Amino acid sequence: MLEFPGSRLSLPAPSRRRVLSTLAAAGLAAPVLAACSAPSSPGSGSPSAAPASLATAPAKPVTLNVLDVAGNLALTKPMIEAFTAAHPEIVSRVTYSTGTAPQLAAKVQAQQQAGNVQIHLVLTGTDGLAAGIQKGLWYGLKPYHDTFFPGLMANYQPAAAAMTSLAEDQGIELVWYPSGPLLEYDPAKVPAPPATADALLDWAKANPGKFQYARPANSGPGRTFLMGLPYLLGDSDPTDPTNGWAKTWAYLTELNKYVDSYPAGTTATMKNLAAGTVHMVATTTGWYVNPRALGTVPAGMKVAKFSSFTWVSDAQFGVIPKGVDADVLTAVLRLLAWMLTPEQQAFAYDDGYFYPGPAVKDVPLSKAPAASQKVVEKFGEPEFDAWIKQYPIKNSLPATTQVTAFDLWDRRIGSTK
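Residues numbered from 1 in each chain as written. Predicted model: local features only at pLDDT ≥ 70, side-chain atom pairs only at ≥ 80, totals over all residues. Heavy atoms only, no water.

A. Representation of the overall build of the protein in the model. Scanning the protein for helices and strands turns up 17 helices and eleven strands. When each of the 417 residues of the protein is scored for burial, the buried share is 58%. Across the protein, contacts joining residues at least 24 apart in sequence account for 81% of those joining residues at least 6 apart. For the protein, the accessible surface area stands at approximately 15300 Å², while carbon and sulfur atoms represent 53% of it. (Helix = DSSP H or I, 4+ residues; strand = E, 2+ residues; numbered from the N terminus. Buried < 20%, exposed > 50% of the residue type's maximum accessible area, 1.4 Å probe, protein only. Contact = heavy atoms within 4.5 Å. Areas by Shrake-Rupley, 256 points an atom, 1.4 Å probe, with all protein chains shown as cover.)

Dropping the structure here:
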């Protein structure tokens, strides 16, 4: 979903925590099931179906290759490193690489067509998730829920549980946040931020080139702004960008007249805000906290909500490309179960990147590392928690519909710049 809002690719090594929760332990206790079907052979051109059943541990430790197209490692790398330290009998080594959501599907598909899948776990937002579902790239994981993820849905927070539907059982939700749409602004240039969509349009007309949001297909704030507008504007069907967004497309077309460019990612909008090139940008809870904590954006920037709005929540997922062998699939499932334990979910507070972050229940900020608590205290918005409780929360669009919305935006709005 999101790219790193600053230099987040190098993270300190986490402490070697060895806490096993019921989710991870259940994988240990479960019996070995029937023999696995064979993975696709090299050069076969298309991967086989997922193994019908799996052992609860690989025959020998495996190397896992993790691709992050969502900035998710900022939240989950400590969880992964803790698992590797605690379970050398399952994972011997982890390699990490990063990419962008729009490039993901083609990269995975090329490996699958060559019969040589080297990406074992993809950490993705709803954008990459949706593209892969549309092309049939991910293993269906429902058959493995009872063995590796007992009580999965009951373990999630209610709003996070609702977001699992977007994965269509082809991924495991790892982190969640209410997202936005919110506005971040320079109070020296915007003394009274717009409180309605119409007021934002009026402000943009009066200040051409000073409002900005990034391309929705590769930006959490951009995507949330796009999907939040139908609720703000009272469109006929906020879940149908083709037939139900007449007001939204008209609004974006008019707003487009006063927007100079749409950066490829959110980081560029934040840097432009910091440089004074623009005075206001679309943001989310996490994108307000984290860039200011990193120093990418001055701490004095402010955040505003619309006077009456609906949160469009966001989540990030772990998905497994079709074609990985049974041992690797087992190891990844064990890792994903570990990442959903409350002890590991506490790392998701990070430096506020996906605030709050944890997808599961009973993980308050007080359980987060001390450094995370200090960041939220210093750079967070005290009213965020109250806003989350006050306003309704809706899911992001489903996978196929989200791809449609991105394509419509690219053709109607983005292509004009």
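That was the structure; now back to the text.
B. View of the packing of helix α2 (residues 73-86) against helix α13 (residues 326-339). Where α2 contacts α13, the axes come no closer than 10 Å and their chain directions differ by 120°. Relative to α13, α2 is oriented oblique. For the element pair α2 and α13, the recorded crossing hand is right-handed. In contact with Thr76, Met79, Ile80, Ala82, Phe83 and Ala86 of α2, α13 contributes Arg334, Leu335, Trp338 and Met339. Residue composition of the contact of α2 with α13, grouped by class: eight nonpolar, one polar and one charged. (Axes fitted to C-alpha atoms, helices over the stretch in contact; angles between N-to-C directions. Parallel < 35°, antiparallel > 145°, perpendicular 65-115°, else oblique. Left-handed = near helix turned anticlockwise from the far one by under 90°. Nonpolar A, V, L, I, M, F, W, Y, C, P; charged D, E, K, R; others polar.)

C. Quick peek at α2. Here α2 contains 14 residues, and its C-alpha end-to-end distance of 19 Å stays within 8% of the 20 Å for a straight helix at 1.5 Å per residue. For α2, the tally of buried residues reaches 13 of 14 residues, placing the bulk of the element in the interior. (Expected span 1.5 Å × (residues − 1).)

D. Here's a closer look at the sheet that holds strand β5 (residues 182-185). Spatially, β6-β7-β5-β8 is the arrangement adopted by the four strands of the open sheet, whose pairing is mixed. Only two strands of the sheet have a single partner each, and these edge strands are β6 (211-212) and β8 (302-304). Pairing of β5 with β8, which is carried by three bridges, proceeds in the antiparallel orientation. Bridged to Glu184 within β8 is Val303. (Pairing = 2+ DSSP bridges.)

E. Spotlight on the pairing of β5. Across the two faces of β5 the burial is the same, with Leu182 and Glu184 and Leu183 and Tyr185 all buried. Both β5 and strand β7 (residues 280-283) contribute to a ladder of four bridges, which runs antiparallel. Opposite Glu184, over in β7, you have Val281 as the bridge partner.

F. The packing of helix α4 (residues 126-135) against helix α17 (residues 399-412), seen in detail. Relative to each other, α4 and α17 sit at 110°, their axes nearing to 8 Å. In terms of their interaxial angle, α4 and α17 are classed as roughly perpendicular. Of α17, the residues touching α4 (which contributes Thr126, Asp127, Ala130, Ala131, Ile133 and Gln134) are Ala399, Thr400, Gln402, Val403 and Phe406. For the contact of α4 with α17, the class distribution of residues is six nonpolar, four polar and one charged.

G. Representation of the pairing of strand β3 (residues 121-124) within the structure. Taking every second residue as pointing to the same face, both faces of β3 are buried, with Leu121 and Leu123 on one and Val122 and Thr124 on the other. Judged from the three bridges that link them, strand β1 (residues 62-68) and β3 form a sheet pairing that is parallel. Opposite Asp68, over in β3, you have Leu123 as the bridge partner. Pairing of β3 with strand β9 (residues 311-319) involves three bridges; the strand directions are antiparallel. Bridged to Val122 within β9 is Val319.

H. Broad picture of the nonpolar core. Ranked by size, the top nonpolar core spans 133 residues in total, and within it Phe211, Tyr213, Leu252 and Leu255 carry the most contacts. The element best represented in this core is α13, accounting for eleven residues. (Core = buried A, V, L, I, M, F, W, Y, C linked by side-chain atoms within 4.5 Å.)

I. Geometry of the pattern of salt bridges. Going through the model one piece at a time under the given rule, you end up with six salt bridges. Ionic pairing is found between Arg223 and Asp127, a salt bridge with its closest N-O pair at 3.0 Å. Here Arg223, found in helix α9 (residues 220-233), pairs with Asp127, found in helix α4; they are 96 residues apart in sequence, far enough to count as distant. Of the two residues examined, Arg223 and Asp127, each falls in the buried class. Through salt bridges that share partners, Asp127, Arg223 and Asp314 make up one connected network. (Salt bridge = Lys/Arg side-chain N within 4 Å of Asp/Glu carboxyl O.)

J. Inspection of the side chain of Asp127 at higher detail. Since its relative accessible area comes to 5%, Asp127 is described here as buried. For Asp127, the side chain forms a polar contact with the side chain of Arg223, separated by 3.0 Å. (Polar contact = N/O pair within 3.5 Å; in protein donor to acceptor, adjacent residues only side chain to side chain.)

K. Representation of the environment of Gly295 within the structure. Along the chain, Gly295 turns up in the loop between α12 (285-294) and β8. Along the sequence, Gly295 and Ala274 sit 21 residues apart, while their C-alpha atoms lie 9.4 Å from each other.

L. Representation of the environment of Val66 in the model. Note on placement: Val66 falls in strand β1. By relative accessible area, Val66 is classed as buried at 2%.

M. Fine view of helix α15 (residues 370-379). Inspection of α15 places Ser372, Val375, Val376 and Phe379 among the buried residues, and these make up the whole buried set. Angular distribution of buried residues about the axis of α15 spans 95°; they occupy a single face of the element. Turned more than 90 degrees away from the buried face of α15, the exposed residues are Ala370, Lys374, Glu377 and Lys378. Buried residues along α15 sit in contact with α12. (Arc of directions from axis to C-beta.)

N. Structural view of unusual backbone geometry. Looking along the chain, the bond that leaves Gly180 and enters Pro181 is cis, with omega of 10°. Following the sequence through the fold, Pro181 ends up in the loop between β4 (172-180) and β5. The omega angle of the peptide bond from Tyr355 to Pro356 is 0°, so this bond is cis rather than trans. As for its position among the elements, Pro356 is in the loop between α14 (342-345) and β10 (357-358). Residue Glu168 is not a glycine yet carries a positive backbone phi of 50°. Tracing the backbone through its elements, the reader meets Glu168 in the loop between α7 (158-163) and β4. Accessibility expressed as a relative area gives 40% for Glu168, which makes it partly exposed. Here the phi dihedral of Ser179 falls at roughly 70°; this positive angle occurs in a residue that is not glycine. Positionally, Ser179 belongs in strand β4.

Function cannot be read off these values alone, since they describe shape.
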